[in-house]
Each structure stands twice: as C-alpha cells, then as structure tokens.
Amino acid sequence: VAINLPEEVKENVKKIVASIPENGIKKVAPENLHLTLKFLGEIGERAIRKVENKLSEIKFNKFSVELKDIGFFPNRNFVRVVWVGVGEGREEIEELQKKIDEKLNELFKKEENFEPHLTIARVKFLKDKKIIQRLEKIKFEDCFEVESFELMESILQKNGPRYKVIKSFRCI
C-alpha cells in the first residue's frame with residue numbers, strides 16, 4: 001500500500017539518485033519511487049479482495065507532502081537504505097498509515113516503527129565511507145499533493161521489481 005509520486009517529482013528525485021555511485025549500491029528506478037504505507041508481503045487473490053474492501057472504507061482529505069533532505073537506515077554508521085525524508089505532510093501520512101493499519105489489523109500485523117520516507121537506494125556494501133558525507137550535504141526539497149493511495153503489486157524481475165497498481169483509493 002503506497003503513495004505514488006507525480007512524474008515531475010520522480011524526475012527531480014532522479015537527479016539526486018544519479019549522483020549516488022553504483023559501486024555496492026542498488027538505486028531505485030525512477031518509475032518505482034513511492035512512499036510505502038504498509039508492506040503486505042505475498043498474499044493470495046482472496047486476501048487481495050479483502051484488502052481492497054477494507055481500504056475502500058478509508059476516508060481522508062487531500063494533503064500536501066514536502067520531500068526533503070537525505071537520511072539513512074538503520075543509521076549513518078551502518079547504512080542499508082538511503083532515503084529522502086518527509087517534512088510537511090508527515091502527520092497526515094502517519095494518520096493515513098494508522099487508518100490503514102486499523103482497517104487491516106485482522107489480516108496483518110500493525111507497523112511498529114513507521115517512518116515516512118522515500119527509499120532511493122539500497123546499500124549492499126560501501127567501499128568509500130565519504131559517500132555518506134557527500135549524500136548528507138545534498139539539500140533536496142520538492143512538494144506534491146496527495147489525492148490517492150494505491151494497493152500495489154510487486155512483480156519481481158531479473159533487473160529488479162516492477163510495480164503495478166491493483167486499485168487506487170481517492171480522497172474525499
């Protein structure tokens with residue numbers, strides 16, 4: 001379950017991603033950029049229909065999201081994920097995520113430490129730790145309106161996942 005980004009925002013994020021070296025780092029393809037609200041894992045057709053029905057009950061208002069700055073999971077000393085953070089709109093994303101968790105609590109475990117973020121790269125290994133310092137200096141800001149969230153299917157392929165929208169859920 002995710003918020004998809006407008007194409008112009010993906011293009012702006014793509015410029016940051018281009019500055020990340022490839023050695024030991026797998027960049028997220030621009031078409032795959034999204035804000036994950038809940039990861040469901042592998043589920044069957046019947047469960048998908050239940051999820052669709054539950055998610056269609058969620059009501060939310062349109063809101064703005066500001067993407068800003070670069071961060072790391074689990075931390076800057078041991079980096080596995082490089083991400084862009086959320087400024088304005090953080091509370092609205094957290095609220096939407098809680099609604100999703102509540103609606104799906106019979107089917108899936110609730111998120112324990114939800115942190116709104118946009119994953120831009122996954123790190124296998126870093127030969128040069130100076131990359132972290134360079135990434136931290138990048139100042140990035142962009143905004144967009146959230147008018148929907150999507151139930152997505154992840155199709156695994158040799159060159160990485162491809163995401164397909166199963167159903168979109170619009171704001172009121």
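The structure reproduced in this document is the subject of the present report.

The rules behind the values
Residues numbered from 1 in each chain as written. Predicted model: local features only at pLDDT ≥ 70, side-chain atom pairs only at ≥ 80, totals over all residues. Heavy atoms only, no water. Salt bridge = Lys/Arg side-chain N within 4 Å of Asp/Glu carboxyl O. Helix = DSSP H or I, 4+ residues; strand = E, 2+ residues; numbered from the N terminus. Buried < 20%, exposed > 50% of the residue type's maximum accessible area, 1.4 Å probe, protein only. Core = buried A, V, L, I, M, F, W, Y, C linked by side-chain atoms within 4.5 Å. Contact = heavy atoms within 4.5 Å. Phe/Tyr/Trp six-rings, centres within 6.5 Å; stacked < 30°, edge-to-face > 60°.

## Here's the deal with the pattern of salt bridges
Phase 1: Scanning the model with the defined rule gives 15 salt bridges in all.
Phase 2: Arginine 49 is the salt-bridge partner of glutamate 45, the closest N and O atoms lying 2.3 Å from each other. Separated by four residues within a single helix, glutamate 45 and arginine 49 lie in helix H2 (residues 45-55), roughly one turn from each other.
Phase 3: Owing to a relative accessible area of 38%, arginine 49 belongs among the partly exposed residues under this scheme.
Phase 4: In this structure, glutamate 153 engages lysine 164 in a salt bridge whose closest nitrogen and oxygen atoms are separated by 3.8 Å.

## Observations regarding unusual backbone geometry
Phase 1: The omega torsion across phenylalanine 73 and proline 74 is -5 degrees, close enough to zero to call that bond cis.
Phase 2: Looking at where proline 74 falls in the secondary structure, it is placed in strand S4 (residues 63-75).
Phase 3: At aspartate 69, a residue that is not glycine, the phi angle is positive and equals roughly 65 degrees.
Phase 4: Here aspartate 69 is to be found in strand S4.

## Structural notes on the nonpolar core
Phase 1: Counting residues in hydrophobic clusters, the biggest one holds 48 residues, and the most contacted among them are Ile3, Leu55, Leu67, Ile120 and Phe149.
Phase 2: For this core, the leading source of residues is S4, giving five residues.
Phase 3: Every residue in contact with isoleucine 120, bar those within four places of it in the chain, is listed here: Val13, Ile16, Val17, Ile20, Lys27, Val28, Leu33, Ile70, Val82, Trp83 and Val84.

## Let's talk about the packing of aromatic side chains
Phase 1: Applying the stated criterion across every chain, the model contains three aromatic pairs.
Phase 2: When the centroid spacing of 5.2 Å and the interplanar angle of 40 degrees are considered together, the rings of phenylalanine 73 and tryptophan 83 count as tilted. With phenylalanine 73 in strand S4 and tryptophan 83 in strand S5 (residues 78-86), this pair connects stretches of sequence that are ten residues apart.
Phase 3: Relative to phenylalanine 169, the ring of phenylalanine 149 has its centre 5.1 Å away and its plane inclined at 25 degrees; by these criteria the two rings are stacked. Taken together, the residues span a long stretch of sequence, with phenylalanine 149 in strand S8 (residues 148-157) and phenylalanine 169 in strand S9 (residues 160-170) at a distance of 20 residues. You'll find phenylalanine 149 and phenylalanine 169 in the same group, each marked buried.
Phase 4: Aromatic ring contacts, followed pair by pair, group Phe60, Phe149 and Phe169 into a single cluster.

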